[in-house]
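Coordinates in review
Below are the chains, spelled out letter by letter.
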Amino acid sequence: MAQANLHIDLDAVVSNWRALDAQSGAATRTAAVVKADSYGLGAGRVAPALYQAGARDFFVALAEEGARLRPHLGEDARIFILGGHMAGDAGFLRDARLIPMLNSAEQAQRHLQAIPESPVGVQLDTGMNRLGMEAAEWQATAPQLMERGIELVMSHLACSDEPEHEMNAKQLAEFKRMTDGMGLSRSLSATGGILLGPDYHFDVTRPGIGLYGGRPFEEARHVATLSLPVIQTRVVQPGETVGYGNTWTAERETKIATLSAGYADGIHRVLSNITALYAGDTACPLRGRVSMDLLTVDVTDLDTVPDTLDLLSAHQGVDTLADLAGTIGYEILTSLGPRYARNYAEPTA
């Protein structure tokens, strides 16, 4: 088969969630961020595994995502919508029992007019200047929302992956200034914030990338293995070139394997000639440009060419690949395309 395989270790996802859950006390609920289809790994499989492990709070970006997720979770699961209540969302929010994180007074009024009986959360802007109510807007809107009940109030840290950055303490202080004494359930931290310590944990934490094996959770277990099938091999003579643009020239007699995957599958073109794929423990250099559907890899030093080579593996995780591509692990994962056959290792307990 020419279809590449993306193997997702659900046991590792659950283990990472439990490890991040253990960072905070019993009074803090540990949620799971499963937006963008669980960072490309399949929310319909990841979220139920986390629910079985004890997670009851889940965060997605869009109401449509929440509606798709609802049938996979128990009745007691809360699904929060980070984008809030947009025009046209009322049906999704009501029917799937979703909780929009209202980002503005406009969204608050939209919600109260359309489905006033449905639960709400609020997102506050503590300095990131992306989403959320600023202090004056929150002060004006809070009484009306508090009268009908707020499930959660949250904000988001801009620099939590840099523990010493002064922005972390500034946002913490602003979040407390905006919410102290109000008796509300609060959430400030995603993965990086959890690792900043208990001052940042409040009532709910929201790990995302750490669940899927990425920084800044350095102790995370490896989650995603991407195996690409070899569909042809050939011998290239010294002086011959490989791929578009003649960007790589053989200096010795070289065995080249052509693999079925490319930039249409989320393998960044910038990785051309600078990364490797793995046959077990052996690194095999990527030669020539990444094309839409194909990669060409130097397998000269292998005794036997295997059926597949791994681009993501325990030897080369999402952050290693991201560093080579000049990006972040989030982008590597969320770029993984729909053509991969996704299969799952179930949690062991």
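Here goes a summary of the coordinates provided. Since the structure is predicted, the reported quantities are computational estimates derived from the model, not experimental observations.

1. A short note on the environment of E174
Residue placement: E174 occurs in helix α8 (residues 166–179). When the C-alpha positions of E174 and G127 are compared, they lie 8.2 Å apart, and in sequence the two are 47 residues distant. If we ignore the near neighbours within four places in the chain, the residues touching E174 are T126 and A135. One polar contact links E174 to R177, side chain to side chain, over a distance of 2.9 Å.

2. Observations regarding the pattern of salt bridges
Under the counting rule described, the total for this entry stands at 19 salt bridges. In this structure, the salt-bridge partner of E346 is R45, at a minimum N-O distance of 2.3 Å. Placement of E346 in the segment after β19 (341–345) and of R45 in helix α3 (residues 43–53) is noted, with a sequence separation of 301 residues between them. Residue class for R45 comes out partly exposed when judged on its relative accessible area of 36%. Among the charged side chains, a network of salt bridges with common partners joins R29, D57, R78 and E151.

3. Remarks on the side chain of D310
Looking at the secondary structure, you find D310 in strand β18 (residues 308–312). Put simply, D310 is tucked away with no salt bridge, and the nearest opposite charge, on R342, sits 15 Å away. At 2.5 Å, the side chain of D310 and the side chain of S227 are in polar contact. Residues in contact with D310, not counting those within four places in the same chain, are T225, L226, S227, L277 and Y278.

Reading the values: the criteria
- Residues numbered from 1 in each chain as written.
- Predicted model: local features only at pLDDT ≥ 70, side-chain atom pairs only at ≥ 80, totals over all residues.
- Heavy atoms only, no water.
- Helix = DSSP H or I, 4+ residues; strand = E, 2+ residues; numbered from the N terminus.
- Contact = heavy atoms within 4.5 Å.
- Polar contact = N/O pair within 3.5 Å; in protein donor to acceptor, adjacent residues only side chain to side chain.
- Salt bridge = Lys/Arg side-chain N within 4 Å of Asp/Glu carboxyl O.
- Buried < 20%, exposed > 50% of the residue type's maximum accessible area, 1.4 Å probe, protein only.
- Lys, Arg positive; Asp, Glu negative; His and termini not counted.

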